[in-house]
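Results of the structural survey
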Amino acid sequence: MSRSPVATSTHCPYCALQCAQRLTPADASCDSSAPAATAARRVAGGAATQPAGDAPVVVEGRDFPTNRGGLCQKGWTSATLLQAPDRLTAPLVRGPDGTLVPTSWEVALDLVAGQLARIRAEDGPDAVAVFGGGGLTNEKAYQLGKFARVALGTANIDYNGRFCMSSAAAAANRSLGIDRGLPFPLTDLSRADAVLLLGSNLAETMPPSVAHLAEVRARGGLVVVDPRRSATAELAADSQGLHLQPLPGTDLVVLLALVHILLSEGLADTAYLEERTEGLEDVRRRSALWWPERAEQVCGVPADQLRAAARLLAAASPSSGGRGAFVLTGRGVEQSRQGTATVSAAINLALVLGLPGRVGSGYGAVTGQGNGQGGREHGQKCDQLPGYRMIDDPAARTHVAGVWGVDPDTLPGKGKPALELLASLGTHGGPRALLVHGSNLLVSAPNAQLVAARLRSLELLVVCDFVPSETALLADVVLPVTQWAEEEGTMTSLEGRILRRRKAIEPPAGVRSELWVWAQLAARLGAAGTWDTDPRLVFDELARASHGGRADYGGVSHERLDRDDASAVVFWPCPAVAAGEPEHPGTPRLFGDSFPTPSGRARLVAVDHVGPADDLRPDAPIHLVTGRVLQHYQSGAQTRRVPSLATAVPGPRVEVHPLLAARLGVADGRRVRLTTARGSMVLPVRVSDAIRPDTVFVPFHWGGPEGVNQLTSDATDPVSGMPEFKVCAVDVSVDSPDGATRPVPAAGATR
Ligand SMILES: Nc1nc2c(c(=O)[nH]1)N[C@H]1C(S)=C(S)[C@@H](COP(=O)(O)OP(=O)(O)OC[C@H]3O[C@@H](n4cnc5c(=O)[nH]c(N)nc54)[C@H](O)[C@@H]3O)O[C@H]1N2
Ligand SMILES: Nc1nc2c(c(=O)[nH]1)N[C@H]1C(S)=C(S)[C@@H](COP(=O)(O)OP(=O)(O)OC[C@H]3O[C@@H](n4cnc5c(=O)[nH]c(N)nc54)[C@H](O)[C@@H]3O)O[C@H]1N2
Ligand SMILES: [Mo]
């Protein structure tokens, strides 16, 4: 395909795969050499083109190691949102009659700064809270953390990554000494003989990544663990791999049994365990009780399948001469109150197989949001400073305060993790104001009514967004900000690769960047330090602040990333070097020689199964599992505004097994009532034999009466603070003609 001279190379606005895109202004593409002249097409593994339609730019897939030119449906249609009919283009302030009224930036910013200053003067800085997002660029994530700590002086900042990556992060930090989702390039998967995917539905959540599984599938080595026969589980089943279909919330038992089998059958990599790890004995003791037949009683996976999976992984591992094996976890196993323990068990399994640190093998967590990786490194987390430094570490405080030009003693300490923070809003002694940047909490937080009540109780809710999300519509002040194709910055992909997001078009008049918003507020609040609005300068400051930290970006700059975009090879850590020395090449693969733990060894952490907080009981005898569909993204604030995606999947349906449907006496399309300890809602049924008969599945991309988070549990993991989105107990009933509901008889055989 010919390149248009005005094309901009950038990456997709959605998930952490960050597929490479080329954007061409729609008017420029009238030129017959430009892509818009081509009809929409999609070539397997090749370029995808979307005609402009109403969008101001034409989107093409661009060749890159991760997406190889491919995009998913969301990627191709991403430009539609630039001109969403209800795009926010002026600040909105809630008027005396309760409606949101357009106003000028001066008025809106004066109002916000005035209220923040007043609340802070009355109740101290912690009375103002901040909620960030894993979709923000590195520059914005960094500046938001600084804004909270320096301009507001509050400890109360956390972000939606708490809902996403916090369990994987906590487990990786304690076992491997560092939290980089994939400590290896995604393309490494192609080399392996086996890939074990636990609770990750890559075929729908990162479709172009599936190309990297082709070779392992051809070798019959794909193993998927999911209570549903997801599109990804289908890929395993279709290729002589394995689909293990456990009872929801019991993956820890599956993993303990796999370790048990490896140790008892002499399949462990004893040399690696001896040389590179510590903690084996405790793990051996814990797993001793989980022989396959006992595990089967709890997790429902037949003992023979557990043995087959363990042997397949062992045969693929380097110690038995295999090409290599990977263990990967996704939200299906992490969004649990034992998510950290489950990821620890997955890492234990990888260590027993001798995988981490060997080329062509490893453990990784599949990061979710566009900048889910960078978003957790630069200081939006309640306990963190830039460079993945800890806020309670005196040396870290001194270093970062030095970069910020403030006294370390003025920096606040640890704040509350997301759910605790949300629960404290508007309560006695809790925050009275909240600023939201990049999250649609009303839809995506668990036990949503409670969150809605807390947000309503605030004195001041300020939401920055580019569309009127459900949460924005609840705000006192809404500030319209730039989106992906309108801004410069960087994103860090699921593999720790630092990518350039580039501006292709001017934002609509009235829209501002968040960097500008924070600079304006900082000035009005009389904040110390400098508040750059140029992403290039903010990145340079971020690089200095991260210098010497775990996530070291010290040797990176926009200039370097722009120098040879085709290479795109910069993976952190990438420290600065002394003048005159060759620049650091970046670190595609970690753990080759040692682990960044105090002993240099990886730590096996002994964990055991507890089970879901909200487990089955006679009045709630079915498991409710939540997750995603291909066409929609997260809270749906973006994708529900893209007509082709909204038409493809207009609303949620509850996936029900034919046996359960028969028991209820319902057919496809019939509405059923779902009731949990938190709430009740009615949804149409989609009958499917892909789900276990004792489980139902609902996607979470809608709000209001269609929002499944009315039902989900807000129990959290004690280590990571991650909510148990994936599993709770539900009652499913049909509304009978007299209006009474008829419950499902308890499914006695589920346990
Ligand atoms: N289309 C689309 N793609 C996305 C996103 C999106 O919203 N839409 N979001 C992005 C983000 S932020 C994220 S975090 C990722 C998430 O990507 P994934 O982790 O792949 O997504 P989920 O659908 O949440 O969950 C994966 C699977 O977990 C299964 N599951 C549920 N309960 C259990 C359990 O107890 N055990 C096991 N083993 N599996 C279970 C579900 O059936 C589901 O198939 O996707 C990213 N990509
Ligand atoms: N039941 C259930 N609930 C879940 C999950 C689940 O599996 N099941 N998954 C959880 C997970 S993994 C995640 S990541 C969360 C995500 O859920 P949310 O935190 O709600 O994430 P998004 O829907 O991506 O919301 C981003 C919002 O910010 C806006 N936005 C995008 N980019 C920017 C920006 O640069 N600046 C600003 N100011 N705004 C921006 C978007 O328009 C949108 O309104 O949901 C969680 N909730
Ligand atoms: Mo996520």
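Residues numbered from 1 in each chain as written. Chains lettered and ligands numbered in written order. Predicted model: local features only at pLDDT ≥ 70, side-chain atom pairs only at ≥ 80, totals over all residues. Heavy atoms only, no water.

Here the focus is the pairing of strand 1 (residues 8-11). Neither face of strand 1 is open: one carries Thr 8 and Thr 10, the other Ser 9 and His 11, and all of them are buried. Pairing between strand 1 and strand 2 (residues 20-25): four bridges, direction antiparallel. Of the residues in strand 2, the one forming a bridge with His 11 is Ala 20. (Buried < 20%, exposed > 50% of the residue type's maximum accessible area, 1.4 Å probe, protein only. Helix = DSSP H or I, 4+ residues; strand = E, 2+ residues; numbered from the N terminus. Pairing = 2+ DSSP bridges.)

This part is about the packing of aromatic side chains. Taken as a whole, this structure holds nine aromatic pairs when the rule is applied. A ring pair is formed by Phe 184 and Phe 326, whose centres lie 4.6 Å apart and whose planes are at 50°; its orientation type is tilted. With a gap of 142 residues between them, Phe 184 in the loop between helix 4 (166-176) and strand 10 (194-198) and Phe 326 in strand 14 (residues 325-329) connect regions that are remote in the sequence. The exposure classification of Phe 184 matches that of Phe 326, with both residues buried. Taken together, the ring pairs connect Phe 131, Phe 163 and Phe 725 into an aromatic cluster. Above the ring of Trp 516, the side-chain terminus of Arg 512 is found at 5.2 Å from the ring centroid. (Phe/Tyr/Trp six-rings, centres within 6.5 Å; stacked < 30°, edge-to-face > 60°. Lys NZ or Arg CZ within 6 Å of the ring centre and 35° of its normal.)

Bringing the environment of Leu 499 into the picture now. Within the secondary structure, Leu 499 is located in strand 22 (residues 498-501). Accessibility expressed as a relative area gives 3% for Leu 499, which makes it buried. Measuring from C-alpha to C-alpha, the distance between Leu 499 and Trp 290 comes to 43 Å, with 209 residues separating the pair along the chain. Discounting residues that sit within four places of it in the chain, Leu 499 has contacts with His 11, Gln 18, Phe 64, Gly 489, Thr 490, Met 491 and Ser 493. (Contact = heavy atoms within 4.5 Å.)

To continue, consider the sheet that holds strand 12 (residues 242-244). In space, the five strands of this open sheet follow the order 12-11-10-14-15, with parallel pairing throughout. Strand pairing shows two members of the sheet lacking a second neighbour, strand 12 and strand 15 (362-365), which therefore form its edges. Averaged over all pairs of adjacent strands, the angle between strand axes in this sheet comes to 15°, irrespective of strand direction. In this sheet, strand 15 lies alongside strand 14 in parallel orientation, the contact comprising four bridges. Across the sheet, residue Phe 326 finds its bridge partner in strand 15, namely Gly 362. (Axes fitted to C-alpha atoms, helices over the stretch in contact; angles between N-to-C directions.)

Here we come to the pattern of salt bridges. One pass over the structure, following the stated rule, counts 49 salt bridges. Among the ionic pairs, Arg 118 bridges to Glu 459, the shortest N-O distance being 3.2 Å. Pair noted here: Arg 118 is in helix 2 (residues 105-123) and Glu 459 is in the loop between helix 18 (448-456) and strand 19 (460-465), with a separation of 341 residues, a long-range link. Relative accessible area serves as the criterion here: at 33%, Arg 118 is assigned to the partly exposed category. Of the charged contacts in the structure, one is a salt bridge between Arg 229 and Glu 234, with a shortest N-O distance of 3.4 Å. Residue classification places Arg 229 among the partly exposed positions, given a relative accessible area of 29%. What makes Glu 234 partly exposed here is its relative accessible area of 31%. Sharing partners across several salt bridges, the network here consists of Glu 488, Arg 500, Arg 502, Arg 536, Glu 559 and Asp 562. (Salt bridge = Lys/Arg side-chain N within 4 Å of Asp/Glu carboxyl O.)

Glancing now at the site of ligand 1. Near ligand 1, the surroundings consist of 33 residues, among which Asp 226, Asp 251, Arg 628, His 632 and Gln 634 are the closest. Between an oxygen atom of ligand 1 and a side-chain N or O atom of Asp 226, the distance comes to 2.6 Å. Separating an oxygen atom of ligand 1 from a side-chain N or O atom of Lys 726 is a distance of 2.9 Å. Computed on the free molecule, ligand 1 has an accessible area of 910 Å², of which 99% lies beneath the protein chains in the complex. Only helix 5 (202-205), helix 13 (331-334) and strand 24 (622-627) provide two or more residues apiece to the shell around ligand 1. Of all the elements, helix 13 adds the most residues to the shell around ligand 1, at three residues. Split by residue class, the shell around ligand 1 holds 11 nonpolar, 14 polar and eight charged. Summarising the domain contributions, the shell around ligand 1 has at least three residues from each of domain 3 (166-365) and domain 4 (622-743). (Near = heavy atom within 4 Å. Polar contact = N/O pair within 3.5 Å; in protein donor to acceptor, adjacent residues only side chain to side chain. Areas by Shrake-Rupley, 256 points an atom, 1.4 Å probe, with all protein chains shown as cover. Nonpolar A, V, L, I, M, F, W, Y, C, P; charged D, E, K, R; others polar. Domains from an automatic or database assignment.)

A few words now on helix 18. Because each turn of an α-helix spans 3.6 residues, side chains separated by three or four positions in sequence point in the same direction. The complete set of buried residues in helix 18 reads Ala 448, Val 451, Ala 452 and Leu 455. Take helix 18 and look down its axis: the buried residues cluster within an arc of 100°, on one side only. Tucked inside the fold, the buried residues of helix 18 contact helix 16 (418-424), strand 18 (433-437), helix 17 (441-444) and strand 19. (Arc of directions from axis to C-beta.)

By secondary structure assignment, the location of Asp 717 is in the loop between strand 28 (695-699) and strand 29 (728-735). In this structure the side chain of Asp 717 is engaged in a polar contact, spanning 2.8 Å, whose partner is the backbone nitrogen of Thr 340. Asp 717 has contacts with Ser 167, Ser 336, Arg 337, Gln 338, Gly 339, Thr 340, Ala 341 and Met 722, leaving out every residue within four places of it along the chain.

Here we take up unusual backbone geometry. Cis geometry is found at the peptide bond from Trp 572 to Pro 573, where omega equals -5°. Tracing the backbone through its elements, the reader meets Pro 573 in the loop between helix 21 (558-563) and strand 23 (602-603). Phi angles above zero are rare outside glycine, and Arg 68 is one such case at about 45°. Exposure remark for Arg 68: the relative accessible area of 33% places this residue in the partly exposed category. In this structure, Gln 634 takes a positive phi of about 50° despite not being glycine. Considering the arrangement of structural elements, one finds Gln 634 in the loop between strand 24 and helix 22 (643-648).

Here we come to the site of ligand 2. Neighbouring ligand 2 are 31 residues, the closest being Asn 160, Ser 444, Asp 465, Glu 514 and Ser 635. With respect to ligand 2, the side chain of Thr 626 contributes an N or O atom lying 2.9 Å from a nitrogen atom. Arg 628 places a side-chain nitrogen or oxygen 3.2 Å from a nitrogen atom of ligand 2. Here ligand 2 loses 97% of its free accessible area of 920 Å² to cover by the protein chains. In the shell around ligand 2, the residues fall into 11 nonpolar, 15 polar and five charged. Composition of the shell around ligand 2 by domain shows at least three residues from each of domain 2 (92-163 + 372-531) and domain 4 (622-743).

In this section: the domain arrangement of the chain. Under the domain assignment, the chain is made up of domain 1 (8-83), domain 2 (92-163 + 372-531), domain 3 (166-365) and domain 4 (622-743). Listed by partner, the interface residues are seven residues for domain 1 and 12 residues for domain 4. On the domain 1 side of the interface with domain 4, the three residues burying the most area are Tyr 14, Lys 74 and Leu 81, jointly 54% of the side's total. Applying the counting rule to domain 1 against domain 4 returns zero salt bridges. Counting across the interface, domain 1 meets domain 4 through one residue pair in polar contact (both at pLDDT 80 or more). Residue classes in the side of domain 1 that touches domain 4 are distributed as three nonpolar, three polar and one charged. (Buried area = accessible area lost by both parts, 1.4 Å probe.)

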